[in-house]
Structures are given as C-alpha cells and as structure tokens.
Amino acid sequence: MTKNLVLIDHDGNKVAKSAAELATFAKRAGNAIGLLLANSGSGDSLAAQLNGTEFERVLIVENDEINRHGIAAATAAIAQIIEKEGAESIFIASSARGKEIAGRLAVRLKSGIITDAVDVASDLSTTQSVFGGSFSVKAKLKTPLSIITVRPSSIEPVISTSNPTIEKVTVAIDAKDKLVEISASQPPVKGGRPDLTEAKIVISGGRGTNGNFAEVEAFADLVGGAVGASRAATDAGWYPHTHQVGQTGKTVSPQLYVACGISGAIQHRAGMQTSKTIVAINKDPEAPIFDLADFGVVGDLFAVLPQAREAIKSKRS
Ligand SMILES: Cc1cc2nc3c(=O)[nH]c(=O)nc-3n(C[C@H](O)[C@H](O)[C@H](O)COP(=O)(O)OP(=O)(O)OC[C@H]3O[C@@H](n4cnc5c(N)ncnc54)[C@H](O)[C@@H]3O)c2cc1C
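Definitions and limits used
In every chain, residue numbers begin from 1 and rise along the written sequence. Two thresholds apply to this predicted model, a pLDDT of at least 70 for residue-level local features and 80 or more for giving and counting side-chain atom pairs, whereas whole-chain, interface and lining totals are computed over all residues. Strand pairing requires that DSSP identify at least two bridges connecting the strands. Numbering of helices and strands runs from the N terminus; a helix is a DSSP stretch of H or I covering at least four residues, while a strand is a stretch of E covering at least two. A fitted line through C-alpha atoms represents every axis, and for helices the fit uses only the stretch in contact; the resulting angles, taken between N-to-C directions, go from 0 to 180 degrees. Should an angle lie under 35 degrees it is considered roughly parallel, over 145 roughly antiparallel, and from 65 to 115 roughly perpendicular; all remaining angles are considered oblique. Crossing handedness follows the turn of the near helix against the far one: under a right angle anticlockwise gives a left-handed crossing, and clockwise gives a right-handed one. Each residue is represented by a C-beta atom placed from its backbone, and any two residues with such atoms within 7 Å are regarded as in contact. Segmentation of the chain into domains, including their bounds, is taken from an automatic or database domain assignment. Three categories are distinguished: nonpolar for Ala, Val, Leu, Ile, Met, Phe, Trp, Tyr, Cys and Pro, charged for Asp, Glu, Lys and Arg, and polar for the others, with Gly belonging to the last. Partly exposed residues are those whose C-beta has more than 12 but fewer than 20 other C-beta atoms within 10 Å; 20 or more makes a residue buried and 12 or fewer makes it exposed, with C-beta atoms placed from the backbone. Read the arc as the range of directions from the helix axis to the C-beta atoms. Buried Ala, Val, Leu, Ile, Met, Phe, Trp, Tyr and Cys residues form a nonpolar core when they are connected through C-beta atoms within 7 Å.

The next point concerns the sheet that holds strand S14 (residues 295-298). Here 5 strands make up an open sheet; going across it, the order is S11-S10-S12-S13-S14 and the pairing parallel. What marks the edges here is a single partner per strand, and that holds for strand S11 (226-229) and S14. Mean inter-strand twist for the sheet, computed between neighbouring axes without regard to direction, equals 15°. The pairing of strand S12 (residues 256-260) with strand S13 (residues 277-282) spans 5 bridges and is parallel.

This is the structure:
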C-alpha cells in the first residue's frame, strides 16, 4: 500500500475543508495519513474535526516554534515526518503557503513536484488544467516521493464511518530553519460568506451588474455561496480586488459557478473553467461564456436572479 501523507490546513481553531478532500485523494492511492502542525495544546481539538474523514491516522506535531519561525520551520518539520514515516507522497492544498512549502520540500528532499492538480489517480498520476484551461495535462512523478499540491474543491470528499487514530509525534527544528522570527500576525477579517477559493458555490458578477452587486450577493447568501467578480467589476471599484476571479485574480474550482453579466473573456475563464457546473446569465445570446456554460439563461440578471431566488425558496418550503 502506498503511504500518503496529507498536510492539514487550519487557522488555529478550524480545520480547512481541503483536509477531507485531500484525504479522499490520498485514500484513492493507498493509506491516508494526516499531518497536523499545531501550537501546544491545540492539536487534539483540531484532530477531532477530522472524524468522519478518510484519514486512518492523524499525526499531531505540537510545536510552537513552527508558528514562530514560519515556513522554513514548517518545511523542516514536514520533511522529518516524511522520512520517519517513509511516505511515498504528500498532498498539500494549493494555496500560496501550500505551494511555497511544497517547493521548499522538493528542494530539501530532492523530489519532483506537481502543483495545482485538479485530479489524482490511484497510481499518483495527476491532471492539471493549464494555459487558462485550454490544455489538460496528465503527469506522474518519477522520484520516490511525489509532492502534489491540489486545488481546493477538486473532489467531493468521501465520508467515512470510522475515526482516525491520533498519534503525537515530535520534531527538532535546527537553528538554520529558525532564521525568521514572526513578530505579529493578524488573521484576515472574514465576513459571513465562505472563502472564495474554498467555496462549493461561487456567484460572480461582472460589468453587467453596472456596479450593483445586491442581487449577486442576495443569491450567494441564499445558496451559501461566495461572491466573485470579473476584473471589469474590480477595476471599476465595484467589488474588492480580493474577489477577482481569473488569470490575475483567484482560481476557483467550485461544484457550481454562476457567472452573472460576465462575457467570458479568456482571462476570466482561466480562473473558473475547472468548475464542475457552470451557469451563465447574460443578456447577449452571443456572449462567449455560453460556449463554456453547462446551463445558460439569456436575460437581464436583475430579472433572472430574483426569479431564481423565489423558485429556490418555494422549492425549499
Ligand atoms: C493581462 C490581463 C489579465 C486579465 N485578468 C483578468 C482576470 O483575472 N479576471 C477577469 O475577469 N478579467 C481579466 N482580464 C480582463 C478581461 O480581458 C475582460 O476585460 C474582463 O473579464 C471583462 O469583464 P466582464 O465580462 O465583466 O465585462 P464585459 O466583457 O464588458 O462583459 C459584460 C457582459 O455583461 C452582459 N450584460 C450587460 N448587462 C447585463 C445585464 N443587465 N444582465 C445580464 N448580462 C448583462 C453583456 O452582454 C456582456 O457580455 C484581464 C485582461 C488582461 C489583458
């Protein structure tokens, strides 16, 4: 059985949704072993959130130095666990931090690396969507260790009836991995909506909103989705740049992406075309977004979205 480690993302209190997704990919390839880097005293409550995932074991490293000394210290800790466990792969969520850790691990352990996979097969071969999604690449690493970062929401996690075994493990961080000292850090202020890159549903608005995102937001709230925006909307100052989807914005891969008043320029598609189901609402029947959409509604978003909300509400009641 291939031994697959998964680096579990968390914010100190809550485990990220990507953990269960990566467990499902790891399990597909063999054993799924979670690795939780936590501050002293916080490992058990984080690990408890992994009950019902496909992890067989969860290794907890409680070491305050990892948080204090940043990514170099985290990389050192992960490398030690990979070697101790004799792991053949490690799965990491494709965030900026995840990709930096993966890159550093690859250098340190002289291993190959694949980033931004959207699928991983049982033999650890991967699928990536590149060049704005115009090519799909299949690749497999030849090194004994496979370091793979996977985009969030690439798979629906399998729910398990068993709970993982929890094991506390220790690591030693050398002075050379403690050259950075983090003096203060502040978590981002979050609203009530899910994170754009982790959301299962994303509702995005473009120039067609004419600066009025009220309908887009109301629909997102009804379905528990995140709000995205095209660059035309963020450049106009209608929505924050942190919500921009596309080549120069965020890459999202939700189960459902609803594009409202967005034409479907190649740079926008680059950030959303791996979404599982794409719905487009656009006044122009010739808009290129309809070439990509699974479902299209030709109409004014200010008429379509309220009707869609009413229809969903009446179905629910
Ligand atoms: C280097 C580079 C990087 C870029 N990066 C990005 C990026 O990361 N993300 C991104 O999005 N773009 C990016 N762009 C810009 C991109 O090329 C497009 O200009 C942009 O995506 C257009 O946004 P839009 O679809 O909202 O606007 P438009 O192309 O103007 O389309 C608006 C659409 O709304 C429809 N519409 C109008 N009113 C309504 C209504 N009431 N109801 C329904 N439909 C309506 C119209 O029919 C039209 O199809 C980049 C461009 C460059 C050159």
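The next point concerns the packing of helix H5 (residues 214-223) against helix H9 (residues 301-316). Packing of H5 against H9 brings their axes to within 10 Å, and their N-to-C directions diverge by 20°. The angle between the axes of H5 and H9 places the two elements in the roughly parallel class. Relative to H9, the crossing made by H5 is left-handed. Taken together, the residues of H9 that come into contact with H5 (itself represented by Glu 215, Ala 218, Phe 219 and Leu 222) are Leu 301, Phe 302, Leu 305, Pro 306, Ala 308, Arg 309 and Ile 312.

Parsing the protein into structural domains produces domain 1 (2-177) and domain 2 (201-316). Centre-to-centre separation of domain 1 and domain 2, based on C-alpha positions: 31 Å. Contacts between domain 1 and domain 2 engage 8 residues on the former and 10 residues on the latter. In the side of domain 1 that touches domain 2, the residues fall into 2 nonpolar, 5 polar and 1 charged.

On to H5. When we look at burial in H5, the residues that qualify are Glu 215, Val 216, Phe 219 and Ala 220. Burial along H5 is one-sided: seen end-on, the buried residues are contained in an arc of 135°.

Right, let's talk about the nonpolar core for a bit. Counting residues in each nonpolar core, the largest one holds 52 residues, and the members touching the most others are Val 6, Leu 22, Leu 35, Leu 36, Ile 78 and Phe 91. The residues contacting Phe 91, other than those within four sequence positions of it, are Asn 4, Val 6, Leu 22, Phe 25, Ala 26, Ile 148 and Val 150.

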